[in-house]
Amino acid sequence: MNRQTNWLITTLLILGSILILLPLYLTITIALKTPNELSKSLLALPEEWRFQNFLEAIEITNFFNALTNSMIITIFVVIFTLLTNSMVAYAIARNMHKRFYKFLFYYFVSAMFVPFPIMMLPIVKQTSSWGMDNIAGLILLYIVYGLAFNVFIYVGYIKSIPKSLEEAAIIDGASTWQVFWKVIFPLLAPMNATVGILTTLWAWNDFMLPLIILSDRDQATLPLVQYLFQSQFSTDYNLAFASYLMALAPMIIVYIFAQKWIISGVTKGAIK
């Protein structure tokens, strides 16, 4: 059976692929070129594959220190986001018939519509006065700021879980705490995967919050390091792009291996 090719969709897919792959191609080739090669042609492949650019970028940006900071922040943010946000959502989802919890739900949802620039100055003032202008304070802010979106999607998923499962556990003598951890939390695995991956991408790639919170250069994250050392790359884009590529690589690897979890979580949530 012959199938007719949809040339419009095919063309759009090709254009979309080019728009995605071209910047990545330029990042890789510029990172491996010499300054003279870059001045000759932007799109050409490197004549000399200069891996020395990566070593120099590591030294200039103190890359491994920034990498460690980003990993610490991301790991702790993901763990505590999954643990705390899911519990908050469970409490709200199972008590939506009460006015307080219904108000709390809409309060969290409304927070998604508050522009971040409005909160910037108060955040800087408070974190500085409370001694939270460090990695620990940044982790706490990520967990709190993730509540609005995460509660929204968690509540919808939890409401689709039959209450009969919880009632059966309660009859067997389980407490509310045990019901959540032994019955509900395992059933949240698809949504936990989705929230975890999206939180990872956000915490790792975020630039604005570390910029206004962190006061110690030694605590800078990978995105922030690119900005702090930008002036040093004003005449050498090769080192800059080598640094960008190293900062980008871990999340590309994570997304390639974890994209099926994102799709699975969204699909299962939609089916339920």
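Remember, predicted model here, so these are calculated numbers, not experimental data.

## Here we look at the overall build of the protein
Reasoning step 1: Counting its regular elements, the protein contains 14 helices and zero strands.
Reasoning step 2: The linear arrangement of helices and strands in the protein, starting from the amino end, is α-α-α-α-α-α-α-α-α-α-α-α-α-α.
Reasoning step 3: For the protein, the C-alpha radius of gyration of 23 Å lies well beyond 19 Å, the compact-globule estimate for 272 residues.
Reasoning step 4: By principal-axis analysis of the C-alpha atoms, the protein measures approximately 75 × 70 × 35 Å.
Reasoning step 5: For the protein, the proportion of its 272 residues judged to be buried stands at 40%.
Reasoning step 6: Relative to all contacts within the protein whose residues are 6 or more apart in sequence, the contacts with residues 24 or more apart total 71%.
Reasoning step 7: Carbon together with sulfur atoms contributes 69% to the accessible area of the protein, which is approximately 16,300 Å² in total.
Reasoning step 8: Looking at the protein, you have 16 positive and 13 negative side-chain charges, and the mean spots of the two groups are 19 Å apart.

## Re the environment of A91
Reasoning step 1: Tracing the backbone through its elements, the reader meets A91 in helix α4 (residues 63–93).
Reasoning step 2: Here A91 falls in the partly exposed class, since its relative accessible area comes to 29%.
Reasoning step 3: Residues A91 and F180, spaced 89 residues apart in sequence, show a C-alpha to C-alpha distance of 9.6 Å.

## Focus: the packing of helix α10 (residues 176–187) against helix α11 (residues 189–205)
Reasoning step 1: At a closest axis distance of 5 Å, the pairing of α10 and α11 adopts a crossing angle of 65°. Contacts between α10 and α11 pair F185, P186 and L187 from the former with A189, P190 and N192 from the latter.

## Quick look at the side chain of S243
Reasoning step 1: Here S243 is to be found in helix α14 (residues 237–271).
Reasoning step 2: On the basis of relative accessibility, which here comes to 0%, the residue S243 falls in the buried class.
Reasoning step 3: A polar contact of 2.6 Å, which involves the side chain of S243, links it to the side chain of Q226.
Reasoning step 4: With sequence-adjacent residues up to four places away left out, S243 is seen in contact with A57, T61 and Q226.

## What to know about the side chain of T199
Reasoning step 1: As for its position among the elements, T199 is in helix α11.
Reasoning step 2: Judged by relative accessible area, T199 falls into the buried class, the value being 6%.
Reasoning step 3: Apart from residues no more than four positions distant in its own chain, T199 is found in contact with V77, V78, T81 and N150.

## Details of the confidence of the model for the protein
Reasoning step 1: Summing up the model confidence of the protein, the mean pLDDT is 85 and the portion of residues at 70 or higher is 91%.
Reasoning step 2: For the protein, the element scoring lowest by mean pLDDT is α14, at 73; α4 scores highest, at 93.

## Description of the packing of aromatic side chains
The geometry of an aromatic ring pair comes down to the distance between the two centres and the angle between the two planes.
Reasoning step 1: Enumeration according to the criterion identifies 14 aromatic pairs in this entry.
Reasoning step 2: Here the aromatic rings of F100 and Y101 are separated by 5.4 Å at their centres, their planes lie at 80°, and the arrangement is edge-to-face.
Reasoning step 3: Site record: aromatic cluster; members linked through ring pairs are Y90, W177, F180, W181 and F185.

Criteria and cut-off values
- Position numbers for residues count from 1 along each chain, tracking the sequence in the order it is written.
- This being a predicted model, a pLDDT of at least 70 is required before a residue's local features are given, and a value of 80 or more before pairs of side-chain atoms are given or counted; all residues contribute to the totals for chains, interfaces and linings.
- Only hydrogens and water are removed before side-chain values are computed, so all heavy atoms of the structure are retained for them.
- Strands are runs of DSSP state E lasting at least 2 residues, helices are runs of H or I lasting at least 4, and numbering of each runs from the N terminus.
- C-alpha atoms define the radius of gyration, and 2.2 Å times the number of residues to the power 0.38 defines the globule rule.
- Each residue gets one of three labels from its accessible area relative to the maximum for its type: buried under 20%, exposed over 50%, partly exposed in between, using a 1.4 Å probe on protein chains only.
- By the convention used here, residues are in contact when the closest approach between their heavy atoms is within 4.5 Å.
- The accessible surface values rely on the Shrake-Rupley method and a 1.4 Å probe; as for residues, cover is taken only from the protein chains in view.
- Under this rule, positive means Lys or Arg and negative means Asp or Glu; His and the chain ends count for nothing.
- By convention, the charge on Lys lies at NZ, on Arg at CZ, on Asp at CG and on Glu at CD.
- Interaxial angles span 0 to 180 degrees and are taken between N-to-C directions of axes, which are lines fitted to C-alpha atoms, for helices over the stretch in contact.
- N or O atoms closer than or at 3.5 Å make up a polar contact, with two conditions inside protein: a donor-capable atom paired with an acceptor-capable one, and, for residues adjacent in sequence, both atoms drawn from side chains.
- Confidence of the prediction at every residue is given by pLDDT, a number between 0 and 100.
- For this analysis, a ring pair means two rings from Phe, Tyr or Trp (six-membered ring only for Trp) whose centres lie within 6.5 Å, classed as stacked if their planes differ by under 30 degrees, edge-to-face if by over 60, and tilted for the remaining angles.

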